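Next come the chains, spelled out residue by residue.
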Amino acid sequence: MSESGESAPKAGASLLRMHDAALPALPAPQVCEHARLSRDARFDGLFYTAVKTTGIYCRPVCPAPAPKASNVVYYPHPAAAEAAGFRPCLRCRPELSPSEGAWRRGDATVARALKLIDDGALADAPLAKLARRVDTGERHLRRLFVEHLGAPPSGVHGTRRLLFAKQLLTETRLPITEIALASGFGSLRRFNAAFRDAYGLAPRDLRRSPQAHADDALTLRLAYRPPYDLPGMLAFLRDRSLPGVEVVGDASYQRVIAPLDGASAPGWLRVSAWPGGEPALKLELHNAPPSRLLEIVNRLRRMFDLDADPIAIASALSTSERMRPLLEANPGVRLPSGWDGFEIAVRAILGQQISVAAARTLAARIGARFGQAVPADFGAPGLSHLFPTPDALAEADLGEIGLPRARAEAVRTVARALLDGRVDFRPERTLDDFAARWVALPGIGPWTAQYIAMRALGHPDAFPAEDLALQRVASVDGAVLTAKQLRTVADAWRPWRAYTVIHLWRDAAARNAAARAAARTSATP
């Protein structure tokens, strides 16, 4: 890899308009009809089926008897169905659908605006401010939302809040007052009124009795579209896990999370497969304040790439002779992101020109030396401390843990730059803008900036072309490419280049393992 510090130009308005035009529309009616009748989980969240005779809208996977086609209307988003007067099905529960990932990923105006809405941008600010953050006008932003999602930004925001509240009502024992807070309502009165207006009943009327858990964990279902390679995701995270901060096994991921909203102690979480083979992950949360539940869910959906559309990704990449066999061998590969942007940035700096294992060792030392310890009675075996904050590392003596001087200064520089606002992880940044800000810092080159974009933002088109492993395995004929040649080859993989990185890294690891096994065999007398 190279750390030359060469920056990329910012994306212009014409490029963003091109991205907006490329946003997916509702699947063709015949595709929707076939997926509805076959209950194809690969289309879950890509469209919604509204039934005119009942006034209900459903997921494509709804187990109820299929209505006649003449009574069905298809919508691209729950907000569009609700704006047309339909209410969510109580059997298939549209609140569990994965989001349409292409609308929340990449640099298109709608994608960046949706990421901001997910972060609560419309909770206490007008649409005009949201429009300014994505560099467009309020009227134009509203038009884009209606064109692509069938509802304005305010409708998308309102429906998202209510559907999350609906999930909490049916899956948890949280008091309704806390559910109102968790779903972004300032008061119980406003929550009750909005819920009754949208669904025609009071929140308490929807209350179910979820199964009790012995440890009193809050448990939520996080759906995805199959196929999904959870073992591969856990293996990637396990190779890079930080002892004491994370525990990654063959079947689950656990980590400690910082005190949020003034909580007196840190919390922790566990993610595993949902029992019974349902296409969903099981989230167990301990000591998580209600006001941050949606934030935690959003982080984990990004971290585990739960909103990806495998059909769209495979369709775009399968035209590549190099990628086709990798997609066929591993159709459920997702883009592993990280819990915290600063943590990923530090790991990226430590990983410059050394192995994953060596970088993990250094990161573990930093965490153990400068991270905040958790209470002795924390209740989560193997979790002992938080990863340090930028404040803790801005002036830290990192030489004492064996970090080379230049790399230690780069970590401190990034910590200070985050504190003073020179760099950030704001979701409205385009990839080019994000990378340009980061490579302006001493010690941060294109590889590091693109790696951070890929793993901290979950950006689907991030591509660290300076990566030596990628340069060795990306060509069809086995030739080792330069970074410039690799970028040229990778242009055909846009806008999903980050997924090709994961596929190629896996292929490189498999080749290395095979070569080591062959060497051991040949050395055996």
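An unreviewed UniProt entry lists the protein under the name DNA-3-methyladenine glycosylase II, with Cognatilysobacter bugurensis given as the organism. Turning to the protein, the UniProt annotation filed under Catalytic activity (unreviewed entry) states: "Hydrolysis of alkylated DNA, releasing 3-methyladenine, 3-methylguanine, 7-methylguanine and 7-methyladenine." The Cofactor (unreviewed entry) comment attached to the protein in UniProt states, word for word, "Zn(2+)".

Undergrad: Run through the overall build of the protein, naming residues and quoting values.
TA: Along its length, the protein carries 22 helices and nine strands. Over its C-alpha atoms, taken along the principal directions, the protein stretches across nearly 70 × 55 × 55 Å. Expressed as a percentage of contacts within the protein between residues at least 6 apart in sequence, the contacts between residues at least 24 apart total 66%. Treating the 67 positive side-chain charges of the protein as one cloud and the 54 negative ones as another, the clouds have centres 3 Å apart.

Undergrad: Give a description of empty space enclosed by the protein that names residues and reports values.
TA: Within this structure, the stated rule accounts for two cavities of 30 Å³ or more. Computed from the structure, the largest cavity encloses a volume of approximately 40 Å³. Every residue along the wall of the largest cavity is listed here: Leu-237, Glu-246, Tyr-253, Arg-255, Met-303, Ser-337, Gly-338, Trp-339, Glu-343, Ile-344, Arg-347 and Arg-455. Counting residues per element, the lining of the largest cavity draws most heavily on helix H14 (residues 341-350), which supplies three residues. Of the residues that constitute the lining of the largest cavity, the class distribution is five nonpolar, two polar and five charged.

Undergrad: Go over the pattern of salt bridges with me, naming the residues and quoting the values.
TA: Summed over the entire model, instances satisfying the criterion amount to 37 salt bridges. One salt bridge connects Glu-400 with Arg-369, and the closest N-O pair in it is separated by 2.5 Å. Residue Glu-400 is found in the loop between helix H16 (390-393) and helix H17 (405-420), and its partner Arg-369 is found in helix H15 (residues 356-370); the two are separated by 31 residues along the sequence. According to the relative accessible area criterion, Glu-400 is partly exposed, its value standing at 44%. Using a relative accessible area of 44% as the deciding quantity, one classes Arg-369 as partly exposed. Two residues, Glu-409 and Arg-412, come together in a salt bridge whose shortest N-O distance is 3.0 Å. Taken together, the residues span about one helical turn, with Glu-409 and Arg-412 both in helix H17 at a distance of three residues. A relative accessible area of 33% means that Glu-409 is categorised as partly exposed. Judged by relative accessible area, Arg-412 falls into the buried class, the value being 15%. Through salt bridges with shared partners, one network takes in Arg-93, Glu-95, Lys-166, Glu-171, Arg-221 and Glu-278.

Undergrad: Describe the sheet that holds strand E6 (residues 246-248), with residues and values.
TA: What links the strands of a sheet is backbone hydrogen bonding, and the strands pair in either a parallel or an antiparallel sense. Spatial ordering of the open sheet is given by E5-E9-E8-E7-E6, a layout of five strands whose pairing is antiparallel. Edge positions in the open sheet fall to strand E5 (218-223) and E6, since each of these has one partner strand only. Pairs of neighbouring strands in the sheet enclose a mean axial angle of 15°, with direction left out of account. Where E6 and strand E7 (residues 252-257) come together, three bridges link them in antiparallel fashion. Residue pairing across strands places Val-248 opposite Tyr-253, the latter belonging to E7. Across the face of the sheet, helix H11 (residues 293-303) comes into contact with E5, E7, strand E8 (267-273) and strand E9 (280-286) while running at roughly 40° to E5.

About the cut-offs
Residues numbered from 1 in each chain as written. Predicted model: local features only at pLDDT ≥ 70, side-chain atom pairs only at ≥ 80, totals over all residues. Heavy atoms only, no water. UniProt positions renumbered as here; feature names shortened; annotations may be inferred. Helix = DSSP H or I, 4+ residues; strand = E, 2+ residues; numbered from the N terminus. Contact = heavy atoms within 4.5 Å. Lys, Arg positive; Asp, Glu negative; His and termini not counted. Charge placed at Lys NZ, Arg CZ, Asp CG, Glu CD. 1 Å grid on protein atoms, 1.4 Å probe; cavity = no way out; pocket = protein on both sides within 12 Å on 5 of 7 lines; lining within 4 Å. Points joined across faces, edges and corners; volume = space filled by probe spheres on them. Nonpolar A, V, L, I, M, F, W, Y, C, P; charged D, E, K, R; others polar. Salt bridge = Lys/Arg side-chain N within 4 Å of Asp/Glu carboxyl O. Buried < 20%, exposed > 50% of the residue type's maximum accessible area, 1.4 Å probe, protein only. Pairing = 2+ DSSP bridges. Axes fitted to C-alpha atoms, helices over the stretch in contact; angles between N-to-C directions.

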